[in-house]
Amino acid sequence: MRLNLIGPLQVITDDGREHTPNAPKIGRMLAVLALQPREAVPTAVLIQELWGQNPPRSAAKTLQTHVYHARRMFQEERVTADGRNLLVARTPGYEFRVNDDEVDVSSFEQYLRLARYESRSGQLERAAHQVNGALALWRGPVLSGVPVGTVLAGRIARVEELRINALELRIEIAGRLGRQRELLPDLRALVEEFPLHEWFHGQLISTLHQAGRRSEALRAYHTLYSILQKELGLEPSADLRRLQAEILGSSSHEEPSGPLRTEAPETTRRHLSPIPSLRPTAVACFG
């Protein structure tokens, strides 16, 4: 079986059939549990997600009913082999007994962890394969179409941030392999999707400059300048201002001096090694 959280919520049976839980609260409960596979998620965390700060007195009992219906769904839909108990009670709450390769978010994190390891080891082709595998799992926003509470909102923010880490790492690896120009279409899409992410803009400007496309590089710089001024009242970083000056000072007979720093920002490297696991807390903040 497989539980897909990246994109619309999906339960995939062992024989490949797709099922979506009919009850939204059951789907949200399973999502919280699946983001901490093989760990006991406290009842209080599940209640927080399903009912917020003011749960009804019957919340614990109602949660037990949701667990019952989830187990029944697994059985009736023949999600996995008979006799396999996926959802078990375990102090202080419930545990979802699924393997990492049975939850797409866990698979995504594993790919990303391996990509970072291979990149640091100098195995760039293997690192590229791993990071591409991670990004291939992305079917859309996490739990798209599912109304989520505060617990899942925090966990979704974490996974979305890890996607940005993966995109940065992919560009970094491509640059080290000398293939950054191949990513120009992706860089253009990324600056549209993340208009305030200055590093993506910088990679686009630098790559256009390296390709000898000075006018496009300058337009990309001015686009970034306008966005930062309008949204934040800021100017581009010193590195990007120096790059703009270099582009303006170059002529068609001069070779660009070199690309902008390819490595992803330091914050990305801190996030990626290691990728923290989701651990239950009293208020269910992400790790």
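What comes next is a walk through the structure. Because the structure is a prediction, the values reported are computed rather than measured. (Residues numbered from 1 in each chain as written. Predicted model: local features only at pLDDT ≥ 70, side-chain atom pairs only at ≥ 80, totals over all residues. Heavy atoms only, no water.)

## Quick notes on the packing of aromatic side chains
Counted according to the given criterion, the structure contains 4 aromatic pairs. Here tryptophan 199 and phenylalanine 200 contribute two aromatic rings whose centre-to-centre distance is 6.0 Å and whose plane-to-plane angle is 55°, an arrangement assigned as tilted. The class of phenylalanine 200 is buried, set by a relative accessible area of 0%. An aromatic cluster is built from Phe194, Trp199 and Phe200, whose rings are joined through pairwise contacts. (Phe/Tyr/Trp six-rings, centres within 6.5 Å; stacked < 30°, edge-to-face > 60°. Buried < 20%, exposed > 50% of the residue type's maximum accessible area, 1.4 Å probe, protein only.)

## What about the side chain of histidine 197?
Looking at the secondary structure, you find histidine 197 in the loop between α7 (184-193) and α8 (198-210). Residue histidine 197 is classed as buried on the basis of its relative accessible area of 16%. Residues within four places of histidine 197 in sequence aside, it is in contact with Ile164 and Glu168. (Helix = DSSP H or I, 4+ residues; strand = E, 2+ residues; numbered from the N terminus. Contact = heavy atoms within 4.5 Å.)

## Overview of the pattern of salt bridges
Inspection of the entire model under this criterion finds 19 salt bridges. Here glutamate 109 makes a salt bridge to arginine 158, at a shortest N to O gap of 2.8 Å. Of this pair, glutamate 109 sits in helix α4 (residues 104-120) while arginine 158 sits in helix α6 (residues 150-176), and the two are 49 residues apart along the sequence. The two residues glutamate 109 and arginine 158 agree in class, both being buried. One salt bridge connects arginine 213 with glutamate 216, and the closest N-O pair in it is separated by 2.9 Å. (Salt bridge = Lys/Arg side-chain N within 4 Å of Asp/Glu carboxyl O.)

## Thoughts on a nonpolar patch on the surface
Side chains of Leu196, Leu232 and Leu234 sit close together on the surface and give an oily, nonpolar patch of about 270 Å² of accessible area. Checked against the element boundaries, leucine 234 lands in the loop between α9 (214-232) and α10 (238-249). Residue classification places leucine 234 among the partly exposed residues on the basis of a relative accessible area of 45%. (Patch = residues over 30% accessible without salt bridge, like charges linked within 9 Å, V, L, I, M, F, W, Y side chains within 5 Å. Areas by Shrake-Rupley, 256 points an atom, 1.4 Å probe, with all protein chains shown as cover.)

## A word on the sheet that holds strand β1 (residues 2-4)
Taken in spatial order, the 3 strands line up as β1-β2-β3 in an open sheet, and their pairing is antiparallel. Each edge of the open sheet is held by one strand with a lone partner, namely β1 and β3 (18-19). Inspection of the sheet shows strand β2 (residues 10-12) paired to β3 by 2 bridges, in the antiparallel sense. Bridge assignment links valine 11 to a residue of β3, and that residue is histidine 19. (Pairing = 2+ DSSP bridges.)

## Let's talk about the environment of leucine 137
Mapped onto the elements of the fold, leucine 137 is located in the loop between α5 (124-136) and α6. When near neighbours in sequence (up to four residues on either side) are disregarded, leucine 137 contacts Arg2, Ile6, Asp104, Ser107, Phe108 and Tyr111.

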